Amino acid sequence: DNLVTQMTVDEKIGQMTQINLNVVLKGEIFHNTEPFEIDPIKLDEAIDIYHVGSFLDSPGHAIESDHWVSLISKIQDKASSTRVAIPVVYAIDAIHGANYISGSVLFPHPIGQAATWNPNLIYKLSRQTSNELLHAGINWNFAPVADVGRQPLWSSFPETFGEDVLLSSTLN
């Protein structure tokens, strides 16, 4: 409460803002140059001017775990140097394994996992993904998808555990 009362309206709005990593990388958005590196000017703008509180996604393909740590550390270092020093939350889609981390284990989509009807197996898969993400410095995964899949035409249907309410609630 004390920290929130000290924050400006712009800082509060910024904390609720999430942007794609590509916005602060060197090069043009979605045409970044490899090796992927943080552009300090773009990062300064995102953190100092817009007070961005959350970043997500990847530069477009898998990169090494230690490179993830380097990228996220630069973002965190910048956030910690601000007046309010609130750490940035970093998120990624790792619905079926840490597919944006080179060498990580990929698993079937949740709809395929659900077909096993094996909560213990799915727990082990989830723990493996979690460990790989944490090793790369990523602390938020957009998984599991808690929605019950009712409409197979929904583009994210394979990211659900299907339409069975009991199974879906057990696996989530």
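Residues numbered from 1 in each chain as written. Predicted model: local features only at pLDDT ≥ 70, side-chain atom pairs only at ≥ 80, totals over all residues. Heavy atoms only, no water.

Asker: Got a sec to walk through the sheet that holds strand β6 (residues 140-141)? Specific residues and values, please.
Answerer: Reading across the sheet, the 4 strands line up as β1-β4-β5-β6 and stay open at both edges, with parallel pairing between neighbours. In this open sheet, the two strands that pair with only one neighbour each are β1 (18-20) and β6. In this sheet, β6 lies alongside strand β5 (residues 89-92) in parallel orientation, the contact comprising 2 bridges. Bridge pairing in β6 links I92 to N141. (Pairing = 2+ DSSP bridges. Helix = DSSP H or I, 4+ residues; strand = E, 2+ residues; numbered from the N terminus.)

Asker: An account of the pattern of salt bridges is requested, with residue identities and associated values reported.
Answerer: Across all of its chains, the model carries 4 salt bridges by this definition. Across the pair E11 and R83 runs a salt bridge whose closest N-O atoms are separated by 2.5 Å. With a gap of 72 residues between them, E11 in helix α2 (residues 9-15) and R83 in the loop between α4 (65-80) and β5 connect regions that are remote in the sequence. Residue E11 is classed as buried on the basis of its relative accessible area, which comes to 7%. A residue is classified by how much of its surface remains accessible, and R83, at 54% relative accessible area, is exposed. For D48, the salt bridge is made with K78, and the minimal N-O distance between the two is 2.8 Å. With D48 in helix α3 (residues 40-49) and K78 in helix α4, this residue pair connects regions lying 30 residues apart in the sequence. (Salt bridge = Lys/Arg side-chain N within 4 Å of Asp/Glu carboxyl O. Buried < 20%, exposed > 50% of the residue type's maximum accessible area, 1.4 Å probe, protein only.)

Asker: So what's going on with the nonpolar core? Residues and values would help.
Answerer: Among the nonpolar cores identified, the biggest contains 26 residues, and L21, F55, W68 and I138 are the most heavily contacted of them. Elements represented by at least two residues in this core include exactly α3, α4 and β5. Examining the composition of this core, we find that 5 residues originate from one element, α4, more than from any other. Counting residues in hydrophobic clusters, the runner-up holds 5 residues, among them A114, I122, F161 and L167. (Core = buried A, V, L, I, M, F, W, Y, C linked by side-chain atoms within 4.5 Å.)

Asker: Mind laying out helix α6 (residues 119-135), listing which residues take part and the relevant values?
Answerer: Taking 1.5 Å as the rise per residue, α6 with 17 residues should run 24 Å; its terminal C-alpha atoms sit 24 Å apart, in good agreement. Within α6, burial applies to I122, L125, T129, E132 and L133. The arc that holds the buried residues of α6, viewed along the axis, is 100°, so those residues lie on one side. Along α6, the residues that are exposed and aim more than 90 degrees away from the buried face are N120, Y123, K124, L134 and H135. Looking at the buried residues of α6, the elements they touch are β5, α5 (110-114), β6 and α7 (165-171). One side-chain oxygen of the residue at the start of α6 lies 3.2 Å from the amide nitrogen of N120, identifying that residue as N118. In the stretch just after α6, G137 is the one whose phi turns positive, near 85°. (Expected span 1.5 Å × (residues − 1). Arc of directions from axis to C-beta. Contact = heavy atoms within 4.5 Å. Polar contact = N/O pair within 3.5 Å; in protein donor to acceptor, adjacent residues only side chain to side chain.)

Asker: Explain the packing of α3 against α4 to me, using residue names and the numbers behind them.
Answerer: The contact between α3 and α4 brings their axes to 10 Å, and the two run at 40°. Compared by their axis directions, α3 and α4 come out oblique. Here the hand of the crossing between α3 and α4 comes out right-handed. Contact residues: α3 offers L43, D44, I47 and D48, while α4 offers K74, I75, K78 and A79. Partitioned by chemical class, the residues of the contact of α3 with α4 number 4 nonpolar, no polar and 4 charged. (Axes fitted to C-alpha atoms, helices over the stretch in contact; angles between N-to-C directions. Parallel < 35°, antiparallel > 145°, perpendicular 65-115°, else oblique. Left-handed = near helix turned anticlockwise from the far one by under 90°. Nonpolar A, V, L, I, M, F, W, Y, C, P; charged D, E, K, R; others polar.)

Asker: I'd like a rundown of the packing of aromatic side chains, residues and numbers included.
Answerer: Counting across every chain of the model gives 2 aromatic pairs. Summarising the aromatic geometry, the rings of W68 and Y90 are spaced 5.8 Å apart at their centres and angled 70° between planes, so their arrangement reads as edge-to-face. Of this pair, W68 sits in helix α4 while Y90 sits in strand β5, and the two are 22 residues apart along the sequence. The burial state of W68 is the same as that of Y90; both residues are buried. Arranged with centres 4.9 Å apart and planes meeting at 70°, the rings of W140 and F142 form a pair that is edge-to-face. (Phe/Tyr/Trp six-rings, centres within 6.5 Å; stacked < 30°, edge-to-face > 60°.)

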